[in-house]
Amino acid sequence: MSQMIGVAAPSAKPIVRTGALRSRIFKAAVFVILSVLFVTQLYPLLWLLIYSLKNNEEILSGSFFSLPASPQWNNFTDAIASGNYFKYLANSLLVTTVTMLGVLLLSALASFAISRFKWRYGGAVMVLFLVGMMIPMQATLLPLMIIFKNIDILNTHLSIILPYIAFQTPIAVFILSGFMRSIPHEIEESAIVDGAGVFRIFRSIILPVSVPPMMTVCILTFINIWNEYIMASTFISSEGLKTLPFGVYSFVSQYSVNYGAIGAFLVLGALPVVIIYFLLADKITKGMVAGAVKG
């Protein structure tokens, strides 16, 4: 017995050491990959900040990676004053907020109907939403322009809010329906026994439980709509209705371009998205995981 133990012991040690070595190599590889991804994602933001502090001579000299000799903080004052920053910011906040509310309302109701009720066309409706995720926005510009012109809402905020809601709702339904399927039906049965109706169940039970994926929907909608330009430039022509991306053109004239002010305006425009994303990034992950794993 002692001889068998003495023979087996030496062969077990290399296996343990090999497993530990592989684990360390794997962790090191993951760390290197994540570090590279972090740098590649963070560097454009740092480069844009440096770019916004340069004057035209430094920018046009081709020294893209050098620090500014003298930071041009006046680029930010020019961006705010000449770029109509606050007016465009207010328009973007209005459009984005109304879009988020519309997406939340429609997607929550549709997801509730698809995931919590058994009806003949539930699967077909879900497939229809999934097909909507594959339609490119650019393919709808001409038909939507004709429709909006005929119903006299072209060149209004409504002409971009409606398409935004339509294009953001499918992914929201995909996330929310996956989460709502995981909610136990016993909760609804207990509420029905107590006399609760469908809308009370939706308002008092389903919505409070679905807060994490709904937060994910809000953040994703905000990020996707905030800097959208193609549809806004097609349907909006009035200066007083334009959103934040249009402010860049305030610094482009026939004979000159203020590149530093453009960089400063881009920094100011991206700042709300960056702040919201860093503050609520964990909620995006939790909401996506909840919908994917439980659904």
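Residues numbered from 1 in each chain as written. Predicted model: local features only at pLDDT ≥ 70, side-chain atom pairs only at ≥ 80, totals over all residues. Heavy atoms only, no water.

J.: Residues and numbers for the UniProt feature "transmembrane region" (unreviewed entry) in the chain, please.
T.: Under the UniProt annotation, the feature "transmembrane region" (unreviewed entry) is placed at residues 25-50, 93-114, 126-148, 160-180, 201-226 and 259-280. Along residues 93-114 the backbone is 100% helical and 0% strand, and the end-to-end C-alpha distance reaches 31 Å. Split by type, residues 259-280 is 100% helix and 0% strand. Its first and last C-alpha atoms lie 32 Å apart. (UniProt positions renumbered as here; feature names shortened; annotations may be inferred. Helix = DSSP H or I, 4+ residues; strand = E, 2+ residues; numbered from the N terminus.)

J.: Let's hear about the pattern of salt bridges: which residues, and what values?
T.: Evaluation of the coordinates by the stated rule reveals one salt bridge. The shortest N-O distance in the salt bridge between glutamate 239 and lysine 242 comes to 3.5 Å. (Salt bridge = Lys/Arg side-chain N within 4 Å of Asp/Glu carboxyl O.)

J.: Break down the side chain of lysine 54 for me, with residues and values.
T.: Structurally, lysine 54 can be placed in the loop between helix 1 (2-52) and helix 2 (56-60). An unpaired buried charge is present at lysine 54: no salt bridge exists, and glutamate 58, the closest side chain of opposite charge, is 6.4 Å distant. Reaching out from lysine 54, the side chain makes a polar contact with the backbone oxygen of serine 66 at a distance of 2.8 Å. (Buried < 20%, exposed > 50% of the residue type's maximum accessible area, 1.4 Å probe, protein only. Lys, Arg positive; Asp, Glu negative; His and termini not counted. Polar contact = N/O pair within 3.5 Å; in protein donor to acceptor, adjacent residues only side chain to side chain.)

J.: Please give an account of the packing of aromatic side chains that cites residues and values.
T.: Throughout the structure, instances matching the rule amount to eleven aromatic pairs. With 5.3 Å between their ring centres and 80 degrees between their planes, phenylalanine 148 and phenylalanine 235 make a pair best called edge-to-face. One end of the pair, phenylalanine 148, is in helix 6 (residues 141-150); the other, phenylalanine 235, is in helix 11 (residues 230-235), and 87 residues separate them in sequence. With relative accessibility at 5%, the residue phenylalanine 148 sits in the buried group. In textbook terms, an aromatic cluster arises when at least three aromatic residues are bridged by ring pairs, as seen for Tyr85, Phe86, Phe251 and Phe265. (Phe/Tyr/Trp six-rings, centres within 6.5 Å; stacked < 30°, edge-to-face > 60°.)

J.: Residue-level account of the confidence of the model for the chain, with values.
T.: Chain-level statistics for the chain give a pLDDT mean of 83 and a share of 88% at 70 or above. Taken as a whole, residues 1-9 scores under 50 in pLDDT and shows zero contacts with residues more than four places along the chain or in a different chain. (pLDDT = per-residue confidence, 0-100. Contact = heavy atoms within 4.5 Å.)

J.: Give a detailed account of the environment of phenylalanine 117, specifying residues and quantitative values.
T.: The residue phenylalanine 117 is located in the loop between helix 4 (85-116) and helix 5 (122-132) in this model. For the pair phenylalanine 117 and arginine 181, spaced 64 residues apart in the sequence, the C-alpha separation amounts to 10.0 Å. If we skip the residues at most four places from it in the chain, phenylalanine 117 touches Phe112 and Val198.

J.: Lay out helix 10 (residues 211-226) with the relevant residues and their values.
T.: The end-to-end C-alpha distance of helix 10, which contains 16 residues, comes to 22 Å, matching closely the 22 Å that a straight helix rising 1.5 Å per residue would cover. Buried residues of helix 10: Pro213, Met214, Thr216, Val217, Cys218, Ile219, Thr221, Phe222, Ile225 and Trp226, and no others. (Expected span 1.5 Å × (residues − 1).)

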